[in-house]
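Analysis of the macromolecular model
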Amino acid sequence: KSAYPLALLTDLCTERNETVVPSAEFVDELILYTGLANIEARNGQAHQVLTPSGSLKSAVKRYEPGDIIFARMRPNLRKIALMAFDQGGYVSPECSVLSVRRGSDGEPIIQAELLAPLLRSDLVYGQIMHLTAGIGRPRLSATDLRRVLIPLPPKQVQMAARQHFESQL
């Protein structure tokens, strides 16, 4: 019953899938890492931690400033954050790294500052809660995440909504 047209998340964002194994590719280096423990539940706050590459034995995903991280493990915690850091970093492989697509005018289709809180909202959680699989470590598949529907308001409404969200911080 949205007043605005709905768009699939996959039509609004690309998924960054640059993976590396830091212990093998960045031997004896420190990297900026954001693990699941570094993303706060429900509020969109995330932290970059300078981490020795040797302590990360499995693959991690690259993110850039302005990307949105969506933790697919235990999605009920709504660990979704806009990476508003000066530098990119690496994130747990349990996360999807989303980059907002740009329209033909070169502007983002939807503002990342608006999309991140929408992805934490009841609107999105209601679409995914029944798709979560697993008992001990429930997860949402990347395929199911891509099928989430997001309302796409005009640019003026996006700006007003963004200002509202930012005033709540």
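As a starting point, this report considers the structure included with it. From a predicted model like this one, the values you see are computed outputs, not experimental measurements. (Residues numbered from 1 in each chain as written. Predicted model: local features only at pLDDT ≥ 70, side-chain atom pairs only at ≥ 80, totals over all residues. Heavy atoms only, no water.)

1. Notes on the pattern of salt bridges
What the rule picks out here adds up to 8 salt bridges. For glutamate 64, the salt bridge identified is with arginine 62, shortest N-O distance 3.0 Å. Counted as one network, the salt bridges with shared partners bring together Arg16, Glu18 and Asp67. (Salt bridge = Lys/Arg side-chain N within 4 Å of Asp/Glu carboxyl O.)

2. Quick notes on the sheet that holds strand S5 (residues 49-52)
With respect to topology, 5 strands assemble into an open sheet ordered S3-S6-S9-S4-S5, the strand pairing being mixed. Edge strands, defined here as strands with exactly one partner in the open sheet, are strand S3 (19-20) and S5. In this structure, S3 lies alongside strand S6 (residues 60-63), joined through 2 bridges in antiparallel fashion. If you follow threonine 19 over to S6, its bridge partner there is lysine 61. (Pairing = 2+ DSSP bridges. Helix = DSSP H or I, 4+ residues; strand = E, 2+ residues; numbered from the N terminus.)

3. With respect to the packing of aromatic side chains
Here the structure, examined in full by the defined rule, presents 1 aromatic pair. Between phenylalanine 26 and tyrosine 90, the ring centres sit 5.7 Å apart and the planes meet at 55 degrees, which makes this aromatic pair tilted. On the criterion of sequence distance, the pair formed by phenylalanine 26 in the loop between helix H2 (22-25) and strand S4 (30-34) and tyrosine 90 in strand S9 (residues 89-91) is long-range, its members being 64 residues apart. For the pair shown, phenylalanine 26 and tyrosine 90 are each scored as buried. Between arginine 62 and the ring centre of tyrosine 90, over which it is positioned, the NZ or CZ distance is 5.1 Å. (Phe/Tyr/Trp six-rings, centres within 6.5 Å; stacked < 30°, edge-to-face > 60°. Buried < 20%, exposed > 50% of the residue type's maximum accessible area, 1.4 Å probe, protein only. Lys NZ or Arg CZ within 6 Å of the ring centre and 35° of its normal.)

4. Some details on the packing of helix H3 (residues 112-120) against helix H6 (residues 155-167)
Interaxial distance between H3 and H6 falls to 9 Å at its minimum, and their mutual angle equals 65 degrees. The orientation of H3 relative to H6 falls into the category roughly perpendicular. Between H3 and H6 lies a crossing of left-handed hand. Of the residues in H6, those touching H3 at Glu113, Leu114 and Pro117 are Gln158, Ala161, Arg162, Phe165 and Glu166. (Axes fitted to C-alpha atoms, helices over the stretch in contact; angles between N-to-C directions. Parallel < 35°, antiparallel > 145°, perpendicular 65-115°, else oblique. Left-handed = near helix turned anticlockwise from the far one by under 90°. Contact = heavy atoms within 4.5 Å.)

5. So, empty space enclosed by the protein
Within this structure, the stated rule accounts for 1 cavity of 30 Å³ or more. Its boundaries defined by the atoms lining it, the largest cavity holds a volume of some 40 Å³. Lining the largest cavity we find Phe70, Ala71, Pro75, Arg78, Ile80, Leu119, Val124, Tyr125 and Ile128. It is helix H4 (residues 122-128) that contributes the most residues to the lining of the largest cavity, 3 residues altogether. Its residues assigned to classes, the lining of the largest cavity shows 8 nonpolar, no polar and 1 charged. (1 Å grid on protein atoms, 1.4 Å probe; cavity = no way out; pocket = protein on both sides within 12 Å on 5 of 7 lines; lining within 4 Å. Points joined across faces, edges and corners; volume = space filled by probe spheres on them. Nonpolar A, V, L, I, M, F, W, Y, C, P; charged D, E, K, R; others polar.)

6. With respect to the sheet that holds strand S8 (residues 80-82)
Reading across from one edge, S2-S10-S7-S8 is the order of the 4 strands in this open sheet, with antiparallel pairing throughout. One side of each edge strand has no neighbouring strand; the edge strands of this open sheet are strand S2 (13-16) and S8. Looking at each pair of strands side by side, their axes are set apart by 30 degrees on average, direction ignored. Along the sheet, H3 makes contact with S2, strand S7 (68-71), S8 and strand S10 (95-100), crossing S8 at roughly 170 degrees.

7. A short note on a nonpolar patch on the surface
Residues Leu6, Leu8 and Leu149 make up a contiguous nonpolar surface patch of roughly 230 Å² in combined accessible area. Within the element layout of this structure, leucine 8 appears in strand S1 (residues 6-8). Using a relative accessible area of 32% as the deciding quantity, one classes leucine 8 as partly exposed. (Patch = residues over 30% accessible without salt bridge, like charges linked within 9 Å, V, L, I, M, F, W, Y side chains within 5 Å. Areas by Shrake-Rupley, 256 points an atom, 1.4 Å probe, with all protein chains shown as cover.)

8. Let's talk about the pairing of S7
Neither face of S7 is open: one carries Ile68 and Phe70, the other Ile69 and Ala71, and all of them are buried. In terms of strand pairing, S7 meets S8 through 3 bridges, oriented antiparallel. When the bridges of S8 are listed, isoleucine 69 appears paired with alanine 81.

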